[in-house]
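Residue-level structure breakdown
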Protein chains: 2
Amino acid sequence: MSTRERIVETALTLFNQQGSGVVSTNHIAAACGISPGNLYYHFRNKEEIIRAIFHQLTRVGAEEYLAINAARPPETAAAVTAMLDTFVMVQRFNWRYRFFKRELTVLLHHDPLLAAEFAEVHRSHRQMVHDAIARSVGEGFIAPLADEELTLFVEELWLIILFWLNYLEVGGEEVNDATLARGNAVLMSALRPHLTAPAREALAAVKTKER
Amino acid sequence: MSTRERIVETALTLFNQQGSGVVSTNHIAAACGISPGNLYYHFRNKEEIIRAIFHQLTRVGAEEYLAINAARPPETAAAVTAMLDTFVMVQRFNWRYRFFKRELTVLLHHDPLLAAEFAEVHRSHRQMVHDAIARSVGEGFIAPLADEELTLFVEELWLIILFWLNYLEVGGEEVNDATLARGNAVLMSALRPHLTAPAREALAAVKTKER
DNA sequence: GTCTATAAGCGGATAGAC
DNA sequence: GTCTATCCGCTTATAGAC
């Protein structure tokens, strides 16, 4: 692994443990076993390291999402399975980059360049949720919605996905498999009133199989 | 206004504008027109100022909530009106103390004492939402729910209320009357599938009257 | 690419006079 | 209650040798 990559990985670990605010470039260099000067050879400043983490996060997230959803067949059962798998993937993903989500608003306030980049990714991800729901309506998995209702529904789902980890943390709750699963349960609770009868059956079938 | 109160108000303004991370105690003292030493006479450190803001926020929030909900009559129309008024109140409230919500996870990570205090308030507020929904079920305004479903539904609503402002900010959207109103629309969208027929009629009546 | 050394500045916090 | 003066520690960032 190159020095540059080691800096990014080390920074991610320290940021997750202690928060990016209290971890200085000196800390990162020391934990890497390199000198501060060397760190500044590879990165202009701390913001640039954070942006590098963000780029990695974006790339990895897209890959994992596509691996689950790119080629799923159009059956309701497959849709339900893909949806549940995606929920789990997103939760694990958020946990891996937890400092970023935890400090998101502060980081964006601090670095306008990062804010612009994130806003674009944010919109495109929300669009992906929108497309996924619209496709599911077409497949008879979700009950039809007016355009405006669909937009609000997507925002609701996307907000839960984005902030569940923060919700746990501000409530003083530990992040573990049980609390992450509860986040998925909240998502399902938001989704349930919109499911069609076949989807409910498919969901029940998947759940039965899991036991 | 006492010096202590002026420090708290000035700090709130500066934190909202620039973020608590970049505003130092020196900045606050200068903006107050007092010396750094004097500030430290009134507060042991910056965390104590932030906790003072939090205590004000908690007190004001409870007062405003009770003013709307304490003595509402048990009719469905009154329940719908109180609910809508509460949504608007909460949005304005979050905006007034926006730095606190924006930086919440970071602030709590930084100050275990604040974290403990906030967790308690958080639980009690969530319980208030729970009680309000349970009462509305009793009044025939919301369709009956199993206990587990009710808990998930409350978490869903509470999460939207807590993080709508953050959601807007991370998307690079301006916070204004229109985007705050959209937050209320998302809340209504989450609520709508659970409303009973009389509640839908009452809601439609209120909306018609508003025009 | 990597190191050492160091400049320059800021933040938190306190002592002691008034 | 309020001020002035000041200390300490730390961070960011750069210069220049190897």
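Residues numbered from 1 in each chain as written. Chains lettered and ligands numbered in written order. Predicted model: local features only at pLDDT ≥ 70, side-chain atom pairs only at ≥ 80, totals over all residues. Heavy atoms only, no water.

Among the 17 residues in the neighbourhood of DNA strand D, the closest are listed as A:T25, A:Y40, B:S35, B:N38 and B:H42. Residue B:S35 places a main-chain N or O atom 2.8 Å away from a phosphate oxygen belonging to DNA strand D. Between DNA strand D and the protein, one listed contact pairs a phosphate oxygen with a side-chain N or O atom of B:H42 at 3.0 Å. Broken down by secondary-structure element, the contributors of at least two residues to the surface near DNA strand D are α2 (25-32) and α3 (36-42) of chain A together with α3 (36-42) of chain B. The element contributing the most residues to the surface near DNA strand D is α3(B), with 4 residues. Classifying every residue of the surface near DNA strand D gives 3 nonpolar, 12 polar and 2 charged. (Near = heavy atom within 4 Å. Polar contact = N/O pair within 3.5 Å; in protein donor to acceptor, adjacent residues only side chain to side chain. Helix = DSSP H or I, 4+ residues; strand = E, 2+ residues; numbered from the N terminus. Nonpolar A, V, L, I, M, F, W, Y, C, P; charged D, E, K, R; others polar.)

Residues and elements named next belong to chain A. Domain annotation for chain A reports domain 1 (1-43) and domain 2 (46-210). Distance from the C-alpha centre of domain 1 to the C-alpha centre of domain 2: 30 Å. On inspection of domain 1 and its partner domain 2, the count reaches 0 salt bridges. Put simply, the parts of the chain that give the side of domain 1 that touches domain 2 at least two residues each are α1 (3-18), α2 and α3. (Domains from an automatic or database assignment. Salt bridge = Lys/Arg side-chain N within 4 Å of Asp/Glu carboxyl O.)

Residues and elements named next belong to chain B. What the rule picks out here adds up to 16 salt bridges over all chains. In this structure, R72 and E139 form a salt bridge, with 3.2 Å as the shortest nitrogen-oxygen distance. With R72 in the loop between α4 (46-69) and α5 (76-96) and E139 in the loop between α8 (112-138) and α9 (147-170), the pair connects residues that are 67 residues apart, well separated along the chain. Where E173 meets R182, a salt bridge forms, and the shortest distance between an N and an O atom there is 2.9 Å. The partly exposed category is assigned to E173, whose relative accessible area is 24%. (Buried < 20%, exposed > 50% of the residue type's maximum accessible area, 1.4 Å probe, protein only.)

Turning our eyes to something else, we now look at the protein's contact with DNA strand C. Around DNA strand C, 15 residues are found, and the nearest of them are A:S35, A:H42, B:T25, B:Y40 and B:N45. In DNA strand C, the atoms that sit within 4 Å of the protein are 72% sugar and phosphate, with bases accounting for the remainder. At a separation of 3.0 Å, a phosphate oxygen of DNA strand C approaches a polar side-chain atom of A:H42. A distance of 2.9 Å is found between a phosphate oxygen of DNA strand C and a side-chain nitrogen or oxygen belonging to B:T25. The set of elements that each furnish at least two residues to the surface near DNA strand C consists of α3 of chain A together with α2 (25-32) and α3 of chain B. Grouping the constituent residues of the surface near DNA strand C by class yields 3 nonpolar, 11 polar and 1 charged.

As a further point, take the relation of the copies chain A and chain B. Put simply, the two copies of the chain differ by a rotation about an axis and a shift along that axis. Rotating chain A by 180° and moving it 0.0 Å along the rotation axis overlays it on chain B with an RMSD of 0.1 Å. This pairing of chains is accounted for by a two-fold axis. Of all interface residues in chain A, 100% are interface residues in chain B too; the two copies therefore contact each other through one and the same surface. (Least-squares fit on C-alpha atoms with pLDDT ≥ 70 in both. Contact = heavy atoms within 4.5 Å.)

Geometrically, a pair of aromatic rings is defined through the distance of the ring centres and the angle of the planes. Counted by the stated rule, this structure contains 15 aromatic pairs over all chains. Ring geometry for A:F163 versus B:F163: centroids 5.1 Å apart, planes at 5°, classification stacked. Of this pair, A:F163 sits in helix α9 (residues 147-170) while B:F163 sits in helix α9, each in a different chain. In this structure, A:F163 and B:F163 share a single accessibility class: buried. (Phe/Tyr/Trp six-rings, centres within 6.5 Å; stacked < 30°, edge-to-face > 60°.)

Further remarks concern the interface of chain A and chain B. Each partner contributes to the interface: chain A provides 40 residues, whereas chain B provides 40 residues. Interface of chain A and chain B: buried area, both sides summed, is about 3,300 Å²; carbon and sulfur atoms make up 68% of it. Looking at the side of chain A facing chain B, the largest losses of area belong to A:L159, A:Y167 and A:V170, adding up to 21% of the total buried there. In this structure, the salt-bridge partner of B:E155 is A:R182, at a minimum N-O distance of 2.7 Å. Applying the counting rule to chain A against chain B returns 8 residue pairs in polar contact (both at pLDDT 80 or more). When contributions to the side of chain A that touches chain B are tallied by element, the ones reaching two or more residues are α1, α7 (104-110), α8 (112-138), α9 and α10 (177-191) of chain A. (Buried area = accessible area lost by both parts, 1.4 Å probe.)

Another aspect to go through is the environment of B:A82. Along the polypeptide, B:A82 turns up in helix α5. A residue is classified by how much of its surface remains accessible, and B:A82, at 6% relative accessible area, is buried.

Residues and elements named next belong to chain A. With 16 residues, α1 should reach 22 Å at 1.5 Å per residue; the first-to-last C-alpha distance of 22 Å fits that figure. Residues I7, V8, T10, A11, L12, L14, F15 and N16 constitute the buried set of α1. Looking at the packing, one finds that the buried side of α1 touches α2, α3, α4 (46-69), α5 (76-96) and α6 (98-102). Downstream of α1 by a residue or two, G19 has a phi angle that is positive, lying close to 95°. (Expected span 1.5 Å × (residues − 1).)

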